[in-house]
Amino acid sequence: MSLKFSVLASGSTGNAIYVETEKQKLLIDAGLSGKKIEQCFMQIGVSPADLDGILVSHEHSDHIKGVGILARRFKIPIYANDKTWNAMEKGIGVIPLDQKFTYQRGEVKSFADIEVESFGVSHDAADPMFFSFHHGGRQLTILTDTGYVSDQMVGITKGSDTLIFESNHDTDMLRMGKYPWTIKRRILGDEGHVSNVDAGIALADILRESKADVYLAHLSLDNNMKDLARMTVQQTLEAQGIEVGRQVKLYDTDPVVPTQLKVV
């Protein structure tokens, strides 16, 4: 029995994550065009026609751009909470009723042999949530698109064997960058995105007594770099007494190149 995943795409330009077991194949968000997501699946040797469901975290375009086209083309069920359904319906187009399912924040739902726990995050969307997957004694948690990491989020993610965790921006790059101040304030706010330093601080709290693989995700195209995110998170973890390389391993994600399909 194995729980596997691939971060198909991650960043400010689009997000999609694939999770599978022997009995279930799930896509979490589809924030690229249908064509690009199909190309990502091809790179990891998986057919989107085999998907059993699409879980939607929230209605922002970098998470739903390809949801409608994939669902219609391959007759895939879509799962989202009520407020997200209401907010995204115009953005994804008409979906047949027999493919529309509700999955509320804070609910634990069984998808064949996977238990999936949804939990709320702090983001400027209708009712944003992310997911923790449990299978065969292993846990994979996705946590991005949040302005801060609450005690509840820490509690849910503790014990995860693999974390796909937001490290969105370098604060100095963002402050000195080209964005209008209104957008900078949104990103830096409690309903924005987690910075590299804040990601490291939160991860230190989560990993205090455990080991995990951490995939740094949702990096800003304009206000971050892979090497900078990894270096900053590593320095922050080590300052908190977390041994990078032994206790935690850090991995990059990419806006267009999927990570290897890997066992949690």
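Structure first, text after, so check above.
Residues numbered from 1 in each chain as written. Predicted model: local features only at pLDDT ≥ 70, side-chain atom pairs only at ≥ 80, totals over all residues. Heavy atoms only, no water.

Turning to the layout of surface pockets, a few remarks are in order. Of the pockets and cavities examined, the largest pocket occupies roughly 160 Å³. If you go around the largest pocket, you meet 13 residues; those closest to its centre are Ser 12, Asp 62, Arg 186, His 193 and His 218. Here the residues of the lining of the largest pocket sort into two nonpolar, eight polar and three charged. (1 Å grid on protein atoms, 1.4 Å probe; cavity = no way out; pocket = protein on both sides within 12 Å on 5 of 7 lines; lining within 4 Å. Points joined across faces, edges and corners; volume = space filled by probe spheres on them. Nonpolar A, V, L, I, M, F, W, Y, C, P; charged D, E, K, R; others polar.)

Below, the discussion takes up the sheet that holds strand E13 (residues 248–252). If you trace the seven strands from one edge of the open sheet to the other, you get E7-E8-E9-E10-E11-E12-E13, paired in mixed fashion. Two strands close off the open sheet at either side, each with one partner strand: strand E7 (108–111) and E13. Neighbour to neighbour, the strand axes of the sheet diverge by 20 degrees on average, direction disregarded. Where strand E8 (residues 114–120) lies against strand E9 (residues 129–135), six bridges are found, and the strand directions are antiparallel. Bridge pairing in E9 links Val 116 to Phe 133. Taken strand by strand, helix H8 (residues 196–206) contacts strand E11 (162–166) and strand E12 (212–217), and its axis lies near 155 degrees from that of E11. (Pairing = 2+ DSSP bridges. Helix = DSSP H or I, 4+ residues; strand = E, 2+ residues; numbered from the N terminus. Axes fitted to C-alpha atoms, helices over the stretch in contact; angles between N-to-C directions. Contact = heavy atoms within 4.5 Å.)

Excluding glycine, residues mostly have negative phi values, and the peptide bonds linking residues are mostly trans. Unusually for a residue other than glycine, Asp 29 sits at a positive phi of about 65 degrees. For Asp 29, the position within the fold is in the loop between strand E3 (25–28) and helix H1 (34–43). One non-glycine residue, His 218, lies in positive phi territory at about 55 degrees.

When H1 is considered as a whole, its buried residues turn out to be Gly 34, Ile 37, Cys 40 and Phe 41. Summarising the axial view, the buried residues of H1 lie within an arc of 120 degrees, below the 170-degree limit, and thus occupy one face. In this structure, H1 carries Lys 35, Met 42 and Gln 43 as exposed residues pointing more than 90 degrees from its buried face. Contacts from the buried residues of H1 go to strand E1 (4–9), strand E2 (16–20), E3 and helix H3 (67–74). Two residues or fewer after H1 comes Gly 45, characterised by a positive phi angle close to 75 degrees. (Buried < 20%, exposed > 50% of the residue type's maximum accessible area, 1.4 Å probe, protein only. Arc of directions from axis to C-beta.)

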